[in-house]
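# Coordinate analysis (summary)
Read off the chains here:
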Amino acid sequence: MISSIETVTPAFGPHALAAGVEHIPVTVYGSSSQASRAVAQEIAALIQLKHARGEHTVLGLATGSTPTSIYDELIRLHREEGLSFKNVITFNLDEYWPMSPEELQSYRRFMREHLFDHVDIDPKNVHIPDGTLPMEKVAGFCAEYERKMRDAGGIDYQILGIGRTGHVGFNEPGSPRDSRTRLITLDRVTRMDAASDFFGEWNVPRKAITMGVESILSARTVVLLAFGEHKAPVIRRAVEGEVSAAVAASYLQQHPSARIVLDTSAATELTRFKTPWLLGPLEMFGLKWDSKTTRTAATWLAMTVKKPLL
Ligand code: GLP
């Protein structure tokens, strides 16, 4: 059993939901490590609960820099506090296509290095889209991937990161709500963001196999994490914008138990941080009209009405 589940107090609760601006529950933590620890401990508690009931836990896993601290904490819980992965089944969101598992950029390799090689998971319970398949076998593989998720009882807890295009997995702009696991063409922005991993944009694969929007929304719990200021604009669109294929993460607004977990930097574009005076009394957000807030609001007003400050 885990003896020391630490309580991490979110820096701000999802107050703005009440104001009707945020269309999905958002929790903002003071740091990405606090946020990651909280999510890892939630996952650990779920694994233990289901284990005690004699059930498997089915996790949907993501790659990228965002979830690595969650995996670090899960490994620590395994090593130091006896958390076992024997009853865990995993499905990864995506993999580049084509991609060999030995390549530096392979998500299969990433998952081995960041999690699977360090815990007691049964390799036959690990599922990752296969980047080595010839084109004619991809569609059959994708249908089989969906069948395996269903046979496992569906995903209990899905972790997501978010790309600059608003993608979850590799569901690029234009991905329909009812999409399932499939081959997708990567957006130029996504390929540019991956360029440094591949030592140049031209080496980034043009396609990937990804779970679809519907596959993701079928999970019982979905938690999207985003850290850093560079994620702030797309987080605002996903949280405050309308549900649209232009930002796949906005579909999470339609999930009954999806949540967004941010550090303070990724939250900076949300109305409650950027222009909280638009939402109601500042005290609601633990703020007051001090000189800094007054200056920021006056500058915002001057720019909005395009009039100079006297
Ligand atoms: C890739 C992955 C996504 C991930 C995104 C963001 O595109 N396919 O699943 O969410 O990168 O990566 P990072 O967490 O490094 O910002």
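Everything quoted here is computed from the prediction, not taken from an experiment.

## Notes on the pairing of strand S3 (residues 88–92)
The element S3 is extensively covered by neighbouring structure, given that five of its five residues are classed as buried. Burial along S3 is two-sided: Val88, Thr90 and Asn92 and Ile89 and Phe91, pointing in opposite directions, are all buried. In terms of strand pairing, strand S2 (residues 57–61) meets S3 through five bridges, oriented parallel. Its bridge partner lying in S3, valine 58 is registered against isoleucine 89. As a crossover connection, the stretch from S2 through helix H2 (residues 68–81) into S3 is right-handed. Bridge count between S3 and strand S5 (residues 126–127): two bridges; the pairing is parallel.

## Let's talk about the confidence of the model for the protein
Considering every residue of the protein, the mean pLDDT works out to 94; 94% of them sit at 70 or more. Here residues 1–12 is modelled with pLDDT under 50, and outside its nearest four sequence neighbours on either side it reaches 28 contacts, counting other chains as well.

## Remarks on the nonpolar core
In this structure, Leu74, Leu224 and Leu262 are the most contacted members of the largest nonpolar core, which totals 75 residues. Tallying contributions element by element places helix H1 (residues 32–52) first for this core, with seven residues. What leucine 224 contacts, discounting residues up to four positions off in sequence, is Leu160, Gly161, Ile162, Val168, Ile235, Ala249, Leu252, Arg259, Ile260 and Val261. Judged by nonpolar contacts, the second largest core, of 10 residues, contains Met99, Phe170, Ile184 and Ala208.

## Focus: the packing of aromatic side chains
Tallied over the entire structure, the rule returns eight aromatic pairs. Note on tyrosine 96 and phenylalanine 198: the rings are 5.0 Å apart at their centroids and 85° apart in plane angle, and the pair reads as edge-to-face. Within this pair, whereas tyrosine 96 is found in strand S4 (residues 94–97), its partner phenylalanine 198 is found in the loop between helix H5 (188–194) and strand S8 (207–210), the two being separated by 102 residues in sequence. No difference in accessibility class separates tyrosine 96 from phenylalanine 198, as the two residues are buried. Through successive ring pairs, a cluster of aromatic residues spans Tyr96, Tyr107, Phe170 and Phe198.

## A closer look at the packing of H1 against H2
In the contact formed by H1 and H2, the axes pass within 8 Å of each other and the chain directions differ by 50°. By the angle between their directions, the pair H1 and H2 is classed as oblique. Handedness of the H1/H2 crossing: right-handed. Along its contact with H1, which presents Ser36, Arg37, Val39, Ala40, Gln41, Ile43 and Ala44, the element H2 presents Ser69, Ile70, Glu73, Leu74, Arg76 and Leu77.

## Details of unusual backbone geometry
With the exception of glycine, most residues fall at negative phi, and the peptide bonds are largely trans. Between tryptophan 97 and proline 98 the backbone carries a cis peptide bond, its omega angle lying at -5°. Structurally, proline 98 can be placed in the loop between S4 and helix H3 (107–114). For lysine 306, which is not glycine, the phi dihedral falls at a positive 55°. Residue position: lysine 306 is located in the segment after helix H9 (291–305).

## With respect to the site of the ligand
Contacts to the ligand come from Gly64, Ser65, Thr66, Asp94, Tyr107, Gly161, Ile162, His167, Gly169, Phe170 and Lys231. Between the ligand and the protein, one listed contact pairs an oxygen atom with a backbone N or O atom of serine 65 at 2.8 Å. Taking threonine 66, its side chain carries an N or O atom lying 2.5 Å from an oxygen atom of the ligand. Looking at the shell around the ligand residue by residue, the class counts come to three nonpolar, six polar and two charged.

Criteria and thresholds
Residues numbered from 1 in each chain as written. Predicted model: local features only at pLDDT ≥ 70, side-chain atom pairs only at ≥ 80, totals over all residues. Heavy atoms only, no water. Buried < 20%, exposed > 50% of the residue type's maximum accessible area, 1.4 Å probe, protein only. Helix = DSSP H or I, 4+ residues; strand = E, 2+ residues; numbered from the N terminus. Pairing = 2+ DSSP bridges. Right-handed = clockwise from strand over helix to strand, strands pointing away. pLDDT = per-residue confidence, 0-100. Contact = heavy atoms within 4.5 Å. Core = buried A, V, L, I, M, F, W, Y, C linked by side-chain atoms within 4.5 Å. Phe/Tyr/Trp six-rings, centres within 6.5 Å; stacked < 30°, edge-to-face > 60°. Axes fitted to C-alpha atoms, helices over the stretch in contact; angles between N-to-C directions. Parallel < 35°, antiparallel > 145°, perpendicular 65-115°, else oblique. Left-handed = near helix turned anticlockwise from the far one by under 90°. Near = heavy atom within 4 Å. Polar contact = N/O pair within 3.5 Å; in protein donor to acceptor, adjacent residues only side chain to side chain. Nonpolar A, V, L, I, M, F, W, Y, C, P; charged D, E, K, R; others polar.

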